[in-house]
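# Structural features, examined
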Amino acid sequence: MKTVKANQDYRFDVPCFGQRTLETMREGGLAAAALEAGRVLVLDKSAVLAQARSWGISLLGFEQE
């Protein structure tokens with residue numbers, strides 16, 4: 001799960017998800033990640049989504065209530 005922490009200063013510390021995170025997930029045998037919609041920056045989004053799809057890794061967006 002990737003989200004903004006309660007006291008995180010979003011101006012200086014933006015949570016990111018990219019190729020390196022995806023590779024680490026694959027190495028660890030993880031099959032899915034939940035990313036906070038509109039708050040987590042996906043780096044090179046089209047490439048990350050394509051790679052996740054080819055490796056069978058699900059990326060899910062969610063909204064905090």
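Check the entry above for the structure.
Below: a short report on this structure. (Residues numbered from 1 in each chain as written. Predicted model: local features only at pLDDT ≥ 70, side-chain atom pairs only at ≥ 80, totals over all residues. Heavy atoms only, no water.)

A word on the overall build of the chain. Helix and strand content of the chain: two helices and four strands. Starting at the N terminus and ending at the C terminus, the chain contains elements arranged as β-α-β-β-α-β. Relative to the globule expectation of 11 Å for 65 residues, the C-alpha radius of gyration of the chain, 12 Å, shows essentially globular dimensions. If you line up the chain on its principal axes, its C-alpha atoms span 35 × 20 × 20 Å. Within the span of the chain, comprising 65 residues, buried residues form 23% of the whole. (Helix = DSSP H or I, 4+ residues; strand = E, 2+ residues; numbered from the N terminus. Rg over C-alpha atoms; globule rule 2.2 N^0.38 Å. Buried < 20%, exposed > 50% of the residue type's maximum accessible area, 1.4 Å probe, protein only.)

Now for the nonpolar core. What tends to happen in soluble globular proteins is that the nonpolar side chains get buried as a cluster. Residues F17, L22, M25, A33, L35, V40, V48, A52 and I57 constitute the largest nonpolar core, which totals nine residues. Looking at this core, the elements that each hand over two or more residues are α1 (19–28), β2 (32–36) and α2 (45–55). Leaving out residues up to four positions away in the same chain, V48 has contacts with F17, G18, Q19, L22, V42, L43 and L59. (Core = buried A, V, L, I, M, F, W, Y, C linked by side-chain atoms within 4.5 Å. Contact = heavy atoms within 4.5 Å.)

Throughout the structure, instances matching the rule amount to one salt bridge. The residue D9 makes a salt bridge to R11 at a minimum N-O spacing of 2.8 Å. (Salt bridge = Lys/Arg side-chain N within 4 Å of Asp/Glu carboxyl O.)

On to the packing of aromatic side chains. In the structure shown here, the tally under the stated rule is zero aromatic pairs. We note R39 situated over the ring of Y10; from NZ or CZ to the ring centre the distance is 4.8 Å. (Phe/Tyr/Trp six-rings, centres within 6.5 Å; stacked < 30°, edge-to-face > 60°. Lys NZ or Arg CZ within 6 Å of the ring centre and 35° of its normal.)

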